[in-house]
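A closer look at the structure
Residue-level listing of the chains:
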Amino acid sequence: FRADNDKGKCAKLAFLVHGNQHIQPGSVTQDLINDGEGRGLHRALLIHDIYQSTLNLHITPTLASAIQWAQIDPATAEPWRLTRLADGPRFNAWIKELAATGTVHLLASTYSDHILPYFTPAFNTDNARLAEEVLGQLYGVRFDQNSVFWTPERVLDADVLGKIAAMGYGATVIDTAVPIIGARN
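The shown structure was predicted, so the numbers you read here are calculated from the model rather than taken from an experiment.

1. Some details on the overall build of the chain
Scanning the chain from terminus to terminus reveals 6 helices and 5 strands. What you see in the chain, going N to C, is helices and strands ordered as β-α-α-β-α-α-β-α-β-α-β. Burial analysis of the chain (185 residues in total) assigns 36% to the buried set. Across the chain, every contact between residues at least 6 apart in sequence was considered, and the portion connecting residues at least 24 apart equals 69%. Accessible area of the chain: about 10,600 Å², with a carbon and sulfur share of 55%.

Below, the structure written as structure tokens:
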């Protein structure tokens, strides 16, 4: 819609955290979780856990797997690093706990955010099912037609929307720098 003709209409707004990383050494992934200087993925979970405020989270299975493999060595770690704020498997268990309570809503995904238009519908569907399996095993979640699908790199057109629907998802996230034509900042 346009800013000059939106009387009586509303736009849906969703806040979400997106994570996609390739497999890296455990120490690199541990720093993505918590670098020890106040930065890291742990901050989003912590604030939503404290306030019991819903967090929409997109995490690819590649990143989820890297996190699972990023276990801190207890013999060499500072004590705070052995907690869910820094240790990979404990961090994933925290996501699972928050998903079970409804604090975290996981978005459906492809395995590693491949760009949908460049692949066949069959490949996309198989890839999304594999992602569902991995995320389901790690986080105890199920995806279905009511799940919101994260569109990789937000490459969207009618073809991609059709591919998302063919994979069985009824919704996706559309983000853009100028969401409403003619809107003023």
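Moving on from the coordinates now.
2. A few points about the pattern of salt bridges
If the charged atoms of two oppositely charged side chains come close together, the side chains can form a pair. Throughout the structure, instances matching the rule amount to 8 salt bridges. Arg-39 is paired through a salt bridge with Glu-37; the nearest N and O atoms lie 3.1 Å apart. Close ionic contact of Arg-90 with Asp-87 constitutes a salt bridge, the shortest N to O distance being 3.8 Å. For Arg-90, a relative accessible area of 43% puts it in the partly exposed group.

3. A look at the pairing of strand S2 (residues 55-59)
Within S2, 4 of the 5 residues are buried, which leaves the element mostly enclosed by the surrounding structure. Of the strand pairs in this sheet, strand S1 (residues 16-19) and S2 are connected by 4 bridges, and their pairing is parallel. Residue pairing for S2: Leu-16 is matched across the bridge by Asn-56. Here 3 bridges tie S2 to strand S3 (residues 104-106), and the two strands are oriented parallel to one another.

4. Brief notes about helix H1 (residues 26-33)
The complete set of buried residues in H1 reads Thr-29, Gln-30 and Ile-33. The buried residues of H1 occupy an angular sector of 105 degrees when projected down its axis, which confines them to one face. As for H1, its buried residues are in contact with helix H2 (42-51), helix H3 (61-68) and helix H4 (88-101).

5. So, the nonpolar core
Core analysis: the biggest nonpolar cluster contains 28 residues, and Leu-45, Ile-59, Leu-106, Tyr-139 and Tyr-169 have the highest contact counts within it. Within the residue set of this core, elements represented by two or more residues are H2, S2, H3, H4, S3, helix H5 (121-139) and helix H6 (158-166). Among the elements that line this core, the one with the most residues is H4, at 5 residues. Excluding anything up to four places from it in sequence, Tyr-139 contacts Ile-59, Ala-64, Asn-92, Ile-95, Lys-96, Ala-99 and Leu-106.

6. What to know about the sheet that holds S3
Overall, parallel pairing links the 3 strands, which are arranged S1-S2-S3 in an open sheet. In this open sheet, the two strands that pair with only one neighbour each are S1 and S3. When strand polarity is set aside, the average angle formed by the axes of neighbouring strands in this sheet is 25 degrees.

7. Describing unusual backbone geometry
With phi around 50 degrees, Gln-52 is a residue other than glycine that occupies positive phi space. One can find Gln-52 in the loop between H2 and S2. Although it is not a glycine, Asp-113 adopts a positive phi angle of roughly 65 degrees.

8. So, the side chain of Glu-132
Among the secondary structure elements, Glu-132 is positioned in helix H5. Within the local environment of Glu-132, its side chain forms a polar contact with the side chain of Arg-129, the two groups lying 2.9 Å apart. Here Tyr-169 takes part through its side chain, which lies 2.4 Å from a polar atom of the side chain of Glu-132. Ignoring anything within four residues of it in the chain, the contact list for Glu-132 reads Phe-143 and Tyr-169.

9. Looking at the side chain of His-114
Inspection of the secondary structure assignment puts His-114 in the loop between S3 and H5. Take His-114: its relative accessible area is 12%, and that puts it in the buried class. Each residue touching His-114, except ones within four places of it in the same chain, is listed here: Phe-119, Phe-123, Asn-124, Asn-127 and Pro-152.

What counts, and at which threshold
- Residues numbered from 1 in each chain as written.
- Predicted model: local features only at pLDDT ≥ 70, side-chain atom pairs only at ≥ 80, totals over all residues.
- Heavy atoms only, no water.
- Helix = DSSP H or I, 4+ residues; strand = E, 2+ residues; numbered from the N terminus.
- Buried < 20%, exposed > 50% of the residue type's maximum accessible area, 1.4 Å probe, protein only.
- Contact = heavy atoms within 4.5 Å.
- Areas by Shrake-Rupley, 256 points an atom, 1.4 Å probe, with all protein chains shown as cover.
- Salt bridge = Lys/Arg side-chain N within 4 Å of Asp/Glu carboxyl O.
- Pairing = 2+ DSSP bridges.
- Arc of directions from axis to C-beta.
- Core = buried A, V, L, I, M, F, W, Y, C linked by side-chain atoms within 4.5 Å.
- Axes fitted to C-alpha atoms, helices over the stretch in contact; angles between N-to-C directions.
- Polar contact = N/O pair within 3.5 Å; in protein donor to acceptor, adjacent residues only side chain to side chain.

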